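Chain residues, written in single-letter form:
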Number of protein chains: 2
Amino acid sequence: MKAAIITIGDELLIGQVVDTNSVFIGQQLEAIGCKVIEKIAVSDTFHQIIETFEKYQNKVDLVLITGGLGPTKDDITKKTFAHYFNDELVMNTAVLDHVTQLIANYYNRPLNEMNRLQALVPSKCEVLFNDVGTAPGMLMVKEQTVFVSLPGVPYEMKYLITEKLFPYIKKHFQLDAIVHKTVLTVGIGESMLAEKIALWEDSLQLQNIHLAYLPQFGLVRLRLSKTGDSVEEITQEIDEKIKELQQLIPAFFIGVTNTDTLFDEVVQLLKKSGLTLATAESCTGGSIAQKLTSIEGASAYFKGSAVTYATESKIAVLGVQQQTIETYSVVSEEVAKEMAVGAKKIFQTDLAIATTGNAGPLKGDADAEVGTVCIAFAYEDKVESFTYNFGKPRHKVIQAAVEKTWLLLYQYIRLQIKST
Amino acid sequence: MKAAIITIGDELLIGQVVDTNSVFIGQQLEAIGCKVIEKIAVSDTFHQIIETFEKYQNKVDLVLITGGLGPTKDDITKKTFAHYFNDELVMNTAVLDHVTQLIANYYNRPLNEMNRLQALVPSKCEVLFNDVGTAPGMLMVKEQTVFVSLPGVPYEMKYLITEKLFPYIKKHFQLDAIVHKTVLTVGIGESMLAEKIALWEDSLQLQNIHLAYLPQFGLVRLRLSKTGDSVEEITQEIDEKIKELQQLIPAFFIGVTNTDTLFDEVVQLLKKSGLTLATAESCTGGSIAQKLTSIEGASAYFKGSAVTYATESKIAVLGVQQQTIETYSVVSEEVAKEMAVGAKKIFQTDLAIATTGNAGPLKGDADAEVGTVCIAFAYEDKVESFTYNFGKPRHKVIQAAVEKTWLLLYQYIRLQIKST
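Values in this document were obtained by computation on a predicted structure and should not be read as measured data.

Conventions and cut-offs
- Residues numbered from 1 in each chain as written.
- Chains lettered and ligands numbered in written order.
- Predicted model: local features only at pLDDT ≥ 70, side-chain atom pairs only at ≥ 80, totals over all residues.
- Heavy atoms only, no water.
- Helix = DSSP H or I, 4+ residues; strand = E, 2+ residues; numbered from the N terminus.
- Buried < 20%, exposed > 50% of the residue type's maximum accessible area, 1.4 Å probe, protein only.
- Pairing = 2+ DSSP bridges.
- Right-handed = clockwise from strand over helix to strand, strands pointing away.
- Contact = heavy atoms within 4.5 Å.
- Axes fitted to C-alpha atoms, helices over the stretch in contact; angles between N-to-C directions.
- Buried area = accessible area lost by both parts, 1.4 Å probe.
- Salt bridge = Lys/Arg side-chain N within 4 Å of Asp/Glu carboxyl O.
- Polar contact = N/O pair within 3.5 Å; in protein donor to acceptor, adjacent residues only side chain to side chain.
- Nonpolar A, V, L, I, M, F, W, Y, C, P; charged D, E, K, R; others polar.
- Patch = residues over 30% accessible without salt bridge, like charges linked within 9 Å, V, L, I, M, F, W, Y side chains within 5 Å.
- Areas by Shrake-Rupley, 256 points an atom, 1.4 Å probe, with all protein chains shown as cover.
- Lys, Arg positive; Asp, Glu negative; His and termini not counted.
- Charge placed at Lys NZ, Arg CZ, Asp CG, Glu CD.
- Least-squares fit on C-alpha atoms with pLDDT ≥ 70 in both.
- Parallel < 35°, antiparallel > 145°, perpendicular 65-115°, else oblique.
- Left-handed = near helix turned anticlockwise from the far one by under 90°.

Concerning unusual backbone geometry
Residue and element names in this part refer to chain A. Along the chain, Gly360 connects to Pro361 via a cis peptide bond; the corresponding omega equals 0 degrees. Relative to the helices and strands, Pro361 is located in the loop between strand E15 (351–357) and strand E16 (372–379). The backbone of Asn58 shows a phi angle near 65 degrees, a positive value even though the residue is not glycine. Secondary-structure assignment places Asn58 in the loop between helix H3 (46–56) and strand E3 (62–66).

This is the structure in structure tokens:
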């Protein structure tokens, strides 16, 4: 089964918004063995939308369209959608009642004309009823291709895909079996790794196993994928190749992972380990805490963070010694160590990570060069510290410091779990 | 001048990575008056890349291609690029020297074969020399269209666009004048606003002024755009329409803004006001601090955040009374107030914002329903508090709490500045 994703809206073309919808859609379709062959963003103009529909007509089984369903006039998707199927827009009373209810509950006011328009749908379309928002999903079939139009609001789009569209797909399509397995390697760069496994990689092609390199800070994931008839057969094939890979790079081969990032691995390990964590963040400014708390149930292992951005607050909140700052400067392993120990103490955790650095572009209070980051890691009654230079620009320095934190936690907790 | 953006890589189609490159490119091209008509992501397959090149050949002036230039085998962009121009890849010695140097400096090792391949470029191409990375940019012209291939690494791509591509464009293209102005409105929803300004909006169309609604939490931005010959004339036209709008919605019209988000407005106001800020974050888990510190120079107004995720740490770090938690529960305005006052005290700031809530999906320590968030705002010797329910899912609750924080700060600081 093949699909194309169309996102509609000038805001996507002029970079006003980041398109995360198609990321979710891509993941979901991939997971059920539907191959996304292209993803295109077009402006809110009639002829371009029509032209794009025609481009994919009978070339793919499914065209997924998001965006352009809002109430305001720069949204013409729905009219264009109806036109493409030689259909007209009619008022759907079930949707209208639903919208009326929502507006009443949320805004405590009657429907206005704009809200009413949301209940207009092409007369021949199958409505994907949007229980969580006002704009309905619409499904129409033309010749060999199913066209589905979904609202751009992420929460509503996600709901309609998993709750309404997938049941339809599973009912109407015969899906290929697809298997993905991702191997996590740590401690070797992408090009060195590629060189080491070149022959193995060639052998994959003979078996139509697709290999993708997914490098991240400090690690490279290798994703093996194959579609076919039998999940069992493909799985067996891929598992054999993974065994070969393990023998090829034993020092770097961590194992098969079902997580997408090193961070996800760390979360898994934290849960498994029962260890608790706190952070003391200066240059990372809360990024580590923010990421940890983005995961539900984080309170089981994450207790908190002292984001001591100002130098004086490192003293007031974390108990860093004035003397240490004066002697070594605020960006130093010595200060990082006292921050980590302080955080471990005030949050009463097993582990604490501290960051202090100069993300730039200006030098700020620190003597350290822009890009310098000191990270300290407190555990048991020990504290280790490290100094890095992550260069520039600012966001890259912060990101690298956060990723380095995951790497430190990953390596430490993994050893802990092994040793118990 | 028209452009299309092509991003290459399966990882974009299966949602393995979020495409932020094309966001930057879209913004940059838009800013110089180059209209991006489409943006397409295609997989790493020869025929699809060729087909996409053909789609835009002579239909746009500029095709910008990113991604698929890495050293590993799943990257075939460069070969395809050469083939499309009936050219062959040759070793570029200048690039090779540069790559050799970089590898030596970063990894302190000699070049491997993978690295060498990066210095291969089509013989007829104009090399956009990549001073900040290993993969060079390549520029080729075919008939009416300029094709530019850039590495996918954001930092390198950005460098090549601003430092190498734009000088080329300004030299070779006659650009239309383009003017955008964005009006910030607060306190009215998108559909209500659209209803109020419907006639005005119609009048824009007669003058070929494009209007885009850019709704965000708590506000709607209206972007007016027009391209033409004279910046002066267009500016005058748009300014007149904005005057009309102000008279139409005086209560909601804040003014013309050159920032993209309410957060940007808050940062501007904080700088202007000279006020200092600290936060105490529970349910937002550091998101507020992370966002504030993502901006360079934040230390001038942001002093820090106590991310007291665990209930005990609210007591230990912020001095919240055990009694208050027992009486009102951890998700309560009373606790939020004590958190805000505590943060204002330990970070010694003019303002402090505190969040405590239940982002879900589970109820955790709190009695409060999932989605409940209490926000307290401490200033001078006062503290105000508010309770909201932001529904679900988790990330939406956190996001809404953060946005509400910007709205509170925005409204307060604006009054402060006006009153002085």
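What follows continues from the structure just given.
Observations regarding the pairing of strand E13 (residues 277–281) of chain B
Walk down a regular strand and you will see the side chains alternate between the two sheet faces. Residues and elements named next belong to chain B. Here E13 lies mainly inside the structure; five of its five residues are buried. Alternating residues of E13 divide into Leu277, Thr279 and Glu281 and Ala278 and Ala280, and every residue in both groups is buried. With five bridges connecting them, E13 and strand E14 (residues 302–308) associate as parallel partners. Opposite Ala280, over in E14, you have Ala306 as the bridge partner. Crossover E13 to E14 through helix H12 (residues 287–292) is right-handed.

Description of the environment of His83 of chain B
All names here are of chain B. Along the chain, His83 falls in helix H4 (residues 77–84). With a relative accessible area of 45%, His83 lands in the partly exposed category. Between the C-alpha atoms of His83 and Phe46, which are 37 residues apart in sequence, the distance is 9.6 Å. Beyond its immediate sequence surroundings of up to four residues, His83 is in contact with Phe46 and Ile50.

Let's talk about the sheet that holds strand E15 (residues 351–357) of chain B
Strand-to-strand pairing in sheets goes through backbone hydrogen bonds, with the strands running parallel or antiparallel. Within the open sheet, the 10 strands sit side by side as E17(A)-E16(A)-E15(A)-E13(A)-E14(A)-E14(B)-E13(B)-E15(B)-E16(B)-E17(B). Their pairing is mixed. Two strands in the sheet have a free side with no partner beyond their single neighbour: strand E17 (382–389) of chain A together with strand E17 (382–389) of chain B. Going from strand to strand, the sheet's axes swing by 15 degrees on average, the running direction of each strand aside. This element, helix H13 (residues 311–318) of chain A, spans strand E13 (277–281), strand E14 (302–308) and E15 of chain A together with E14 of chain B of the sheet and lies at about 140 degrees to E14 of chain A.

Quick notes on the interface of chain B and chain A
Chain B puts 90 residues into the contact, and the matching count from chain A is 89 residues. Taken together, the two surfaces of chain B and chain A that pack against each other cover about 6,800 Å², and 55% of this comes from carbon and sulfur. With a shortest N-O distance of 2.8 Å, Glu51 of chain B and Lys59 of chain A are connected by a salt bridge. For the pair chain B and chain A, the interface holds 31 residue pairs in polar contact (both at pLDDT 80 or more). Broken down by class, the residue content of the side of chain B that touches chain A amounts to 37 nonpolar, 26 polar and 27 charged. Two elements, strand E2 (residues 35–42) of chain A and strand E2 (residues 35–42) of chain B, share five bridges in a ladder whose sense is antiparallel.

Quick notes on the sheet that holds strand E11 (residues 219–228) of chain B
All names here are of chain B. Strand order in the open sheet formed by four strands is E10-E11-E9-E12, and the pairing between neighbours is antiparallel. In this open sheet, the two edge strands, each paired with only one partner strand, are strand E10 (210–216) and strand E12 (253–257). Direction aside, neighbouring strands of the sheet carry axes that sit 25 degrees apart on average. Pairing geometry for E10 and E11, over seven bridges, is antiparallel. Residue pairing across strands places Leu211 opposite Leu224, the latter belonging to E11. Sheet strands touched by helix H10 (residues 231–248): strand E9 (177–186), E11 and E12. Its angle to E9, the strand with the most contacts, is close to 15 degrees.

Section: a negative patch on the surface
Together, Asp176, Asp229, Glu232 and Glu233 of chain A line one region of the surface with negative charge. Summarising the element assignment, Asp229 of chain A is placed in the loop between strand E11 (219–228) and helix H10 (231–248).

What to know about the relation of the copies chain B and chain A
With an axial shift of 0.0 Å and an RMSD of 0.2 Å, the rotation relating chain B to chain A amounts to 180 degrees. Look at the turn and shift together and you get a two-fold axis relating the two. Proximity to the rotation axis, assessed at the C-alpha, singles out Ile40 of chain B in chain B; its C-alpha lies 2.1 Å from the axis. In this assembly the copies share their binding face: 98% of the residues contributing to the interface of chain B also contribute to that of chain A.

Details of the packing of helix H2 (residues 21–31) of chain A against helix H7 (residues 154–172) of chain A
All names here are of chain A. For the pair H2 and H7, the least separation of the axes is 11 Å and the interaxial angle reads 25 degrees. The angle between H2 and H7 places the two elements in the roughly parallel class. H2 and H7 meet at a crossing whose hand is right-handed. Along the contact surface, H2 presents Asn21, Phe24, Ile25, Gln28 and Leu29, while H7 presents Pro154, Met157, Lys158, Ile161, Thr162, Phe166 and Ile169.

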